[in-house]
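Tertiary structure, described
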Amino acid sequence: MPQPTRILLADDHALIRRGVRLILDGEPDLTVVAEAADGAEAVDRARATGPDLAVLDIAMPRLTGLQAARELTRTLPGLRILFLTMYDNEQYFFEALRVGAAGYVLKSVADRDLVEACRAAMRDE
């Protein structure tokens, strides 16, 4: 069996991180290897753990998810990035694509769409 996709999860709300982690860790092909409460911590944790995929909230303190993504794509070029956000906002969507994100999932439908979005990101879709 192939190794599960190793995921870094970054959101400034602990409750959301816990919920998302439960969803992801419930899948045999996905595992959360690190968590971060802000963008700067996300960059540090990604460098330390070398995940395959980063799931980032867009609005976070210290560094936003977009700033963290820009930094991560520069320093860890193989890392895939998925944004998880409550903002259904076209500008954020295009900004996410510009910083190299593989996808964009709204928190309101995360319980339904997040797992498939993670798999699609790993397939470069």
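Look up a bit, the structure's there.
Here is a short report on the structure shown in this document. None of these values were measured; they are calculated from a predicted model.

**Focus: the sheet that holds strand β4 (residues 80–85)**
Note on sheets: strands pair through backbone hydrogen bonds, and any given pair is parallel or antiparallel. Overall, parallel pairing links the five strands, which are arranged β2-β1-β3-β4-β5 in an open sheet. What marks the edges here is a single partner per strand, and that holds for β2 (30–36) and β5 (103–106). Across the sheet, the mean angle from the axis of one strand to that of its neighbour is 25°, orientation sign disregarded. Judged from the six bridges that link them, strand β1 (residues 5–10) and β2 form a sheet pairing that is parallel. By the bridge assignment for β2, Ala10 is matched with Ala36. On the sheet, helix α5 (residues 110–122) packs against β1, β2, β3 (53–57), β4 and β5 and is oriented at approximately 165° with respect to β4.

**Focus: a nonpolar patch on the surface**
Together, Phe93, Phe94 and Leu97 make up a nonpolar patch on the protein surface, roughly 270 Å² of accessible area in all. Along the chain, the position of Phe94 falls in helix α4 (residues 90–98).

**Here's the deal with the packing of aromatic side chains**
Going through the model one piece at a time under the given rule, you end up with two aromatic pairs. Pairing Phe93 with Phe94 gives two aromatic rings, centres 5.4 Å apart and planes at 70°, and the pair type is edge-to-face. Classification of Phe93 by relative accessible area gives partly exposed; the value is 33%. Between Phe93 and Tyr104, the ring centres sit 5.5 Å apart and the planes meet at 85°, which makes this aromatic pair edge-to-face. Of the two residues, Phe93 is situated in helix α4 and Tyr104 in strand β5; the sequence distance between them amounts to eleven residues. With a relative accessible area of 18%, Tyr104 lands in the buried category. Each member of the aromatic cluster is reached from another via a ring pair, and the members are Phe93, Phe94 and Tyr104.

How each quantity is defined
- Here the residue numbering is sequential within each chain, running from 1 through the sequence in written order.
- Under the rules for a predicted model, residues below a pLDDT of 70 receive no local features and side-chain atom pairs below 80 are neither given nor counted, while totals for whole chains, interfaces and linings still include all residues.
- For the side-chain quantities, the full set of heavy atoms in the structure was used; hydrogens and water were omitted.
- Whether two strands pair comes down to DSSP finding at least two bridges between them.
- For helices the rule is a DSSP run of H or I covering at least 4 residues; for strands it is a run of E covering at least 2, with both sets numbered from the N terminus onward.
- Angles shown run from 0 to 180 degrees and are taken between the N-to-C directions of axes, each axis being a line fitted to C-alpha atoms and, for helices, limited to the stretch in contact.
- Whether two residues touch is decided by their heavy atoms; if any such pair falls within 4.5 Å, the residues are in contact.
- Patches here: salt-bridge-free residues with over 30% relative accessible area, like charges joined within 9 Å, nonpolar side chains (Val, Leu, Ile, Met, Phe, Trp, Tyr) joined within 5 Å.
- Per-residue and other accessible areas follow the Shrake-Rupley method at a 1.4 Å probe size, with only the shown protein chains counted as cover for residues.
- Salt bridges are counted wherever a side-chain nitrogen of Lys or Arg sits within 4 Å of a carboxyl oxygen of Asp or Glu.
- Centres within 6.5 Å make a pair out of two Phe, Tyr or Trp rings, where for Trp the six-membered ring is used; the pair is then stacked when the planes are under 30 degrees apart, edge-to-face when over 60, and tilted otherwise.
- A simple rule labels every residue: compare its accessible area, found with a 1.4 Å probe on the protein chains alone, to the largest value its type can have, and call it buried under 20%, exposed over 50%, or partly exposed in between.

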